[in-house]
Structure formats: C-alpha cells, structure tokens
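What the coordinates show
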Amino acid sequence: MGFVDDYRAIENLIFSYAALVDAGDFDGVGELFAEGEFVGSGGVVSGAPGVSGMLRDTVIVYGDGTPRTKHVTTNVALEVTGDTATSRAYFTVLQAVPGLPLQTIAAGRYADRFTKRDGRWRFTERRATVDLVGDVSHHLRAKRP
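The structure presented is a predicted model; accordingly, all values stated were derived computationally and were not measured.

**Concerning the pairing of strand 4 (residues 84–95)**
Along strand 4, the buried face is formed by Ala-85, Ser-87, Ala-89, Phe-91, Val-93 and Gln-95; none of Thr-84, Thr-86, Arg-88, Tyr-90, Thr-92 and Leu-94, which line the opposite face, is buried. As judged from the 11 bridges shared by strand 3 (residues 69–81) and strand 4, these two strands associate in the antiparallel manner. Bridging from a neighbouring strand, Thr-73 pairs with Phe-91 of strand 4. Taken together, strand 3 and the strand that follows it, strand 4, pair antiparallel across an intervening segment of two residues, in which Gly-82 is found at a positive phi of about 65°. Pairing of strand 4 with strand 5 (residues 103–117) involves 12 bridges; the strand directions are antiparallel.

**Topic: the sheet that holds strand 4**
Strand order in the open sheet formed by six strands is 2-1-6-5-4-3, and the pairing between neighbours is mixed. A strand with exactly one partner marks an edge of an open sheet, and here the two such strands are strand 2 (43–46) and strand 3. The sheet shows a mean angle of 15° between the axes of neighbouring strands, direction not considered. Here helix 3 (residues 47–58) sits on the sheet and contacts strand 1 (37–40) and strand 2; the angle it forms with strand 2, its principal contact strand, is near 130°.

**Side note on the pattern of salt bridges**
By the definition in use, this model includes 11 salt bridges. Residues Arg-109 and Asp-131 are paired through a salt bridge, measuring 2.9 Å at the closest nitrogen-oxygen approach. Taken together, the residues Arg-109 in strand 5 and Asp-131 in strand 6 (residues 120–133) connect sequence positions 22 residues apart. What makes Arg-109 partly exposed here is its relative accessible area of 39%.

**Observations concerning the environment of Ala-111**
Inspection of the secondary structure puts Ala-111 in strand 5. Here Ala-111 falls in the partly exposed class, since its relative accessible area comes to 35%. Each C-alpha atom, one on Ala-111 and one on Ala-128, is 6.7 Å from the other, the two residues being 17 residues apart in sequence. For Ala-111, the residues in contact, after removing those within four places along its chain, are Ser-87, Glu-125, Arg-126 and Arg-127.

**Concerning the nonpolar core**
Counting residues in each nonpolar core, the largest one holds 26 residues, and the members touching the most others are Ile-10, Tyr-17, Phe-33 and Phe-114. If you list the elements that add at least two residues to this core, you get helix 1 (3–23), helix 2 (26–32), helix 3, strand 3, strand 4, strand 5 and strand 6. The biggest single contributor to this core is helix 1, with five residues.

Criteria and thresholds
- Residues numbered from 1 in each chain as written.
- Predicted model: local features only at pLDDT ≥ 70, side-chain atom pairs only at ≥ 80, totals over all residues.
- Heavy atoms only, no water.
- Buried < 20%, exposed > 50% of the residue type's maximum accessible area, 1.4 Å probe, protein only.
- Helix = DSSP H or I, 4+ residues; strand = E, 2+ residues; numbered from the N terminus.
- Pairing = 2+ DSSP bridges.
- Axes fitted to C-alpha atoms, helices over the stretch in contact; angles between N-to-C directions.
- Contact = heavy atoms within 4.5 Å.
- Salt bridge = Lys/Arg side-chain N within 4 Å of Asp/Glu carboxyl O.
- Core = buried A, V, L, I, M, F, W, Y, C linked by side-chain atoms within 4.5 Å.

Interpretation note: all reported values are geometric properties and have no functional meaning in isolation.
Okay, structure coming up:
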C-alpha cells in the first residue's frame, strides 16, 4: 500500500466510525476498536465488547434501529509514520427525532492513533472531546444514581 493509499484507508476508517454509529451498528463500532481504546467523558473503554457495550448503555436507539443522528467529521489532519499514524478532526452531531426539528446536539474533536497490522489500519486509541453540547436528552440515556 502506498502513501496515498494509507491516507485514504485511515480516512475511510475515521468515516466508518460515523457511519456505523449513525446506523446503530454498535457491534460494528466495537470491532473498529477490537485492539484499541475509546476515551470519552465516560472514561476509558477497551476492545470490541467494551466499546459496543458502552454505546448500548448510553445511546438511545429508535424504532428504525438508529439513534437518528448524523456524525459529520471534518478538518481531518493526518500524520503517517511507517506503520503508525495520528489524526485530529472535528465532529458535529446532528439529530432529528419525531416531534423535534433537525438540530445540532454536540460538537467537538477527535484525537486518534492508528496502527497498521497485516496490511490493515486499526484504531489504537480515539479520544473524543465534546466542546459544545446542545439538547442530548433524546440521544443519551439519563445516568441512573
């Protein structure tokens, strides 16, 4: 795989995360972190079962099987060095649920690390930092005491 191919493969991995979350495919998201960690406001979760379980426990899924969101990932900046890479990106989360207008519910940034193993790029770590929060009451389950 050439330099440009590595960049495209990593971008596709970054965009796959958004597509899988929006589709409600939490097992698919988990698989992206089979050998990695997700670090967010809820702490650190590792591996496929940890990440998929965290999403199931926190994200509201509607009758169509999705969270009714669109994660828009922009401003992707990649640095590739051999079989490792890092990236920074912005994200914006839009949501439309019955009875409410389309709205922005969160915006923030990702700091990612990747490793290439057996010719395939994988997440090593994703740090998600939410900078702006809107009405997430129709997206996230209320924390129980």
